[in-house]
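Below, each chain spelled out in residue letters.
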Amino acid sequence: MKKLPTHIAFIMDGNRRWAVRRGLSKMLGHKKGAEVLVNVIKELSKINDIKYASFFAFSTENWNREQKEIDAIFQLVEEMFERHEQEFHNLNIKFVVMGDISRFPVAMQEKLIKVQENSKNNSGLTVLLALNYGGRDDIVQAVNKLLKKNYKSVTEEDIAKNLLSYPAPDIDFLIRTSREQRISNFMLFQLAYSEMYFPKYYWPDFNKKRLEKALKIYSKRNRRFGGN
Ligand code: FPP
């Protein structure tokens, strides 16, 4: 493929609908969603041109869900690293968590800190995991960091350099599964000129073949960035 994204992002939507359609519990939808996430990370790490992959795993609005469901998602995050951290490491993958993790269970926080620490010198794919993340909040925290350094006015570049995703560049390609065509307060600043793709299938049905199809679609897009 002639043109691939440097930074790809995913809104992993539709886990519960996938489960409900099959008469399964919603938790099983998230379980399958987590398996798909692991496979996608592994696949992306093998594509040299893709350097960054961002995933919306838990939004600031997801706290409104039933506690049982929230706990199941937290457990899946922990399990993912317990089972796959070594494999990810062997694939030279670096993990960065974006968002306020202080509200998460202590064991999960510790795991997330360790995973970032253990992978910080890896030079392959960087995976940015958005957990308790909000796009507006990301911009606000960047501005507050600058105010603390006594900036009187800020430029776009100043903000870009203080986002939670820095030094990842702007997102080139966003995929949101399950037909919904919204950004849902994901990485608002980083998505300014992103190409977007909204396939109909639910996240648990995403796979290697569909990733390849999505990348093919991206490679045919004509990006003009507001110019000719
Ligand atoms: C969206 O589907 C999914 C989420 C809000 C959570 C994403 C979680 C995972 C992919 C699994 C666990 C995460 C990790 C990082 C291992 P939905 O629940 O909104 O489904 P719906 O749109 O059908 O209701």
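Heads up: the structure comes first, above all this text.
Residues numbered from 1 in each chain as written. Predicted model: local features only at pLDDT ≥ 70, side-chain atom pairs only at ≥ 80, totals over all residues. Heavy atoms only, no water.

Caption draft 1: A look at a positive patch on the surface. The grouping of Arg-21, Arg-179, Lys-200, Lys-209, Arg-210 and Lys-213 at the surface amounts to a positive patch. In terms of residues, the positive patch owes the most to one element, helix α7 (residues 208-220), which gives 3 residues. Looking at the secondary structure, you find Arg-179 in the loop between β5 (173-176) and β6 (195-197). Residue Arg-179 is classed as exposed on the basis of its relative accessible area, which comes to 52%. (Patch = residues over 30% accessible without salt bridge, like charges linked within 9 Å, V, L, I, M, F, W, Y side chains within 5 Å. Areas by Shrake-Rupley, 256 points an atom, 1.4 Å probe, with all protein chains shown as cover. Salt bridge = Lys/Arg side-chain N within 4 Å of Asp/Glu carboxyl O. Lys, Arg positive; Asp, Glu negative; His and termini not counted. Charge placed at Lys NZ, Arg CZ, Asp CG, Glu CD. Helix = DSSP H or I, 4+ residues; strand = E, 2+ residues; numbered from the N terminus. Buried < 20%, exposed > 50% of the residue type's maximum accessible area, 1.4 Å probe, protein only.)

Caption draft 2: A look at the pattern of salt bridges. For the structure shown, the criterion picks out 16 salt bridges. Notably, a salt bridge pairs Glu-87 with Lys-42, separated by 2.7 Å at the nearest N-O pair. Placement of Glu-87 in helix α3 (residues 67-90) and of Lys-42 in helix α2 (residues 26-45) is noted, with a sequence separation of 45 residues between them. On the basis of relative accessible area, Lys-42 is assigned to the buried category, the value being 17%.

Caption draft 3: Just the sheet that holds β6, in detail. Ordered in space as β3-β4-β2-β1-β5-β6, the 6 strands form an open sheet in which the pairing is parallel. In this open sheet, the two edge strands, each paired with only one partner strand, are β3 (94-98) and β6. With strand direction ignored, the average angle separating the axes of adjacent strands in the sheet is 20°. In terms of strand pairing, strand β1 (residues 7-11) meets strand β2 (residues 52-59) through 5 bridges, oriented parallel. The residue of β2 that forms the bridge with His-7 is Tyr-52. Strand contacts of helix α4 (residues 106-119): β3 and β4 (126-133), with the helix running at about 140° to β3, the strand carrying the most contacts. (Pairing = 2+ DSSP bridges. Axes fitted to C-alpha atoms, helices over the stretch in contact; angles between N-to-C directions. Contact = heavy atoms within 4.5 Å.)

Caption draft 4: Broad picture of the site of the ligand. Around the ligand sit 16 residues, and of these Met-12, Asp-13, Arg-16, Arg-17 and Arg-65 come closest. At a separation of 3.2 Å, an oxygen atom of the ligand approaches a polar backbone atom of Gly-14. Within the backbone of Arg-17, an N or O atom sits 2.7 Å from an oxygen atom of the ligand. Against a free-state accessible area of 610 Å², the protein chains account for coverage of 93% of the ligand. Taken together, the elements giving at least two residues each to the shell around the ligand come down to α1 (15-21), α2 and α3. If you tally residues by element for the shell around the ligand, the top one is α2, at 4 residues. By residue class, the composition of the shell around the ligand is 7 nonpolar, 5 polar and 4 charged. (Near = heavy atom within 4 Å. Polar contact = N/O pair within 3.5 Å; in protein donor to acceptor, adjacent residues only side chain to side chain. Nonpolar A, V, L, I, M, F, W, Y, C, P; charged D, E, K, R; others polar.)

Just geometry here; none of it tells us what the structure is for.
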